[in-house]
Amino acid sequence: METAAVNAYLDRMGAARPSSPDADGLRALHLSHLRSVPFENLSIHLGEEIVLAEQPLLDKIVGARRGGFCYELNGAFALLLGALGYEVEMLSARVFGPDGLGIPYDHLALRVHTPSGPWLADVGFGRNSHFPLRLDSRAEQTDPGGVFQIVETAEGDLDVLRGGVPQYRLEQRPRAFAEFEVGCWWNRTSPTSHFTQSLVCSRLTETGRITLSGRTLVITGADGARDERQVGEGEVLAAYREHFGIALERKPEVVAAAADARARGAGTQP
């Protein structure tokens, strides 16, 4: 990334450039990213392409001031961290669901090396830690987002637990963008992917979280209190703009038949 792009990204986050690529700087950047760049799957329901490459990611997240899902958010964050002098590796994970582990390359997370040790950075997993987790610790780690623990499996992978419940299984081999393309394609086209079945836009706030799920707006406070209301059809675009800074020309709509057609049409792809 060029200096201008780094400065624009930091400005998008409302974050200062860290004085050095250390753990304190990483913590500050991680929290700023979660508070400013929303987790959202709107592109899937707007018919927009999702391209896992440097310029398209920066054009979307920085230029268009949008968000994205894990491949985009952590992918872009990796580019920023690398440009700031951090040693960053992209790692593949499989998410735990009601039926067990998801598909390979189901999730993209980051291993970030600092002088004080390695950290798990993840700004693309919904209800996750607000700050990076110490990757070489097996003890419980208390975070504003909950109590987390990283446990090694018999096969050498790492299970990330929140409140004792496994969230995802992390492989430790570094990966490249191209290796995540199949997982990204499946998540944005399969009729069984929860991303094709629902609309979500969510970001952390200084006092809690704000989420627009379909047409339901939920604002959660620091004490856990929820303010929930339905957004009228004429309010949707204004809600995305007001609460997430996202300016859209038309409303995203979940169309199950379209998702089925995309999956069938792409069925011969690897």
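Everything numeric in this text was worked out from a predicted model, so none of it was measured.

Here's the deal with the packing of helix H1 (residues 3-13) against helix H5 (residues 70-83)
Working step 1: Running from amino to carboxyl end, H1 crosses H5 at an angle of 125 degrees, the nearest separation of the two axes being 10 Å. Here H1 is positioned oblique relative to H5, judged by the angle of their axes. For the element pair H1 and H5, the recorded crossing hand is left-handed. Contacts between H1 and H5 involve Val-6, Tyr-9, Leu-10 and Met-13 from the former and Leu-73, Ala-76, Phe-77, Leu-80 and Ala-83 from the latter.
Working step 2: Taken together, the residues of the contact of H1 with H5 break down into nine nonpolar, no polar and no charged.

Description of empty space enclosed by the protein
Working step 1: Under the criterion given, the structure shown has one cavity of 30 Å³ or more.
Working step 2: In this structure, the largest cavity spans a volume of roughly 60 Å³.
Working step 3: For the largest cavity, the lining is made up of 13 residues, of which Leu-34, Phe-39, Val-123, Ser-202 and Arg-209 are closest to its centre.
Working step 4: Of the residues contributing to the lining of the largest cavity, the split by class is eight nonpolar, three polar and two charged.

Points about the packing of H1 against helix H2 (residues 23-36)
Working step 1: The contact between H1 and H2 brings their axes to 8 Å, and the two run at 65 degrees. Taken as axis vectors, H1 and H2 run roughly perpendicular relative to one another. Two secondary-structure elements touch here, H1 through Tyr-9, Leu-10, Arg-12 and Met-13 and H2 through Leu-29, Ser-32, His-33 and Ser-36.
Working step 2: Of the residues in the contact of H1 with H2, the class split is four nonpolar, three polar and one charged.

Concerning the state of the cysteines
A covalent bond between the sulfur atoms of two cysteines is referred to as a disulfide.
Working step 1: Tallied over the full model, the rule gives zero disulfides.
Working step 2: No disulfide involves Cys-184; its sulfur sits 7.8 Å from the nearest other cysteine sulfur, which is in Cys-70.
Working step 3: We classify Cys-184 as buried; its relative accessible area is 2%.
Working step 4: Free of any disulfide, Cys-201 has its nearest neighbouring cysteine sulfur in Cys-70, separated by 16 Å.

Concerning the side chain of Asn-41
Working step 1: Inspection of the secondary structure puts Asn-41 in the loop between strand E1 (39-40) and helix H3 (42-46).
Working step 2: Since its relative accessible area comes to 2%, Asn-41 is described here as buried.
Working step 3: Excluding anything up to four places from it in sequence, Asn-41 contacts Phe-195, Ser-198, Leu-199 and Val-200.

So, the pairing of strand E4 (residues 107-114)
Working step 1: A large share of E4 lies buried, amounting to seven of its eight residues.
Working step 2: Across seven bridges, strand E2 (residues 87-97) lies against E4 in antiparallel orientation. Its bridge partner lying in E4, Glu-87 is registered against His-113.
Working step 3: Here five bridges tie E4 to strand E5 (residues 117-121), and the two strands are oriented antiparallel to one another. Pairing of Leu-110 across the sheet is with Ala-121, part of E5.
Working step 4: Between the antiparallel neighbours E4 and E5 lie two residues.

Reading guide: rules and limits
Residues numbered from 1 in each chain as written. Predicted model: local features only at pLDDT ≥ 70, side-chain atom pairs only at ≥ 80, totals over all residues. Heavy atoms only, no water. Axes fitted to C-alpha atoms, helices over the stretch in contact; angles between N-to-C directions. Helix = DSSP H or I, 4+ residues; strand = E, 2+ residues; numbered from the N terminus. Parallel < 35°, antiparallel > 145°, perpendicular 65-115°, else oblique. Left-handed = near helix turned anticlockwise from the far one by under 90°. Contact = heavy atoms within 4.5 Å. Nonpolar A, V, L, I, M, F, W, Y, C, P; charged D, E, K, R; others polar. 1 Å grid on protein atoms, 1.4 Å probe; cavity = no way out; pocket = protein on both sides within 12 Å on 5 of 7 lines; lining within 4 Å. Points joined across faces, edges and corners; volume = space filled by probe spheres on them. Disulfide = S-S within 2.5 Å. Buried < 20%, exposed > 50% of the residue type's maximum accessible area, 1.4 Å probe, protein only. Pairing = 2+ DSSP bridges.

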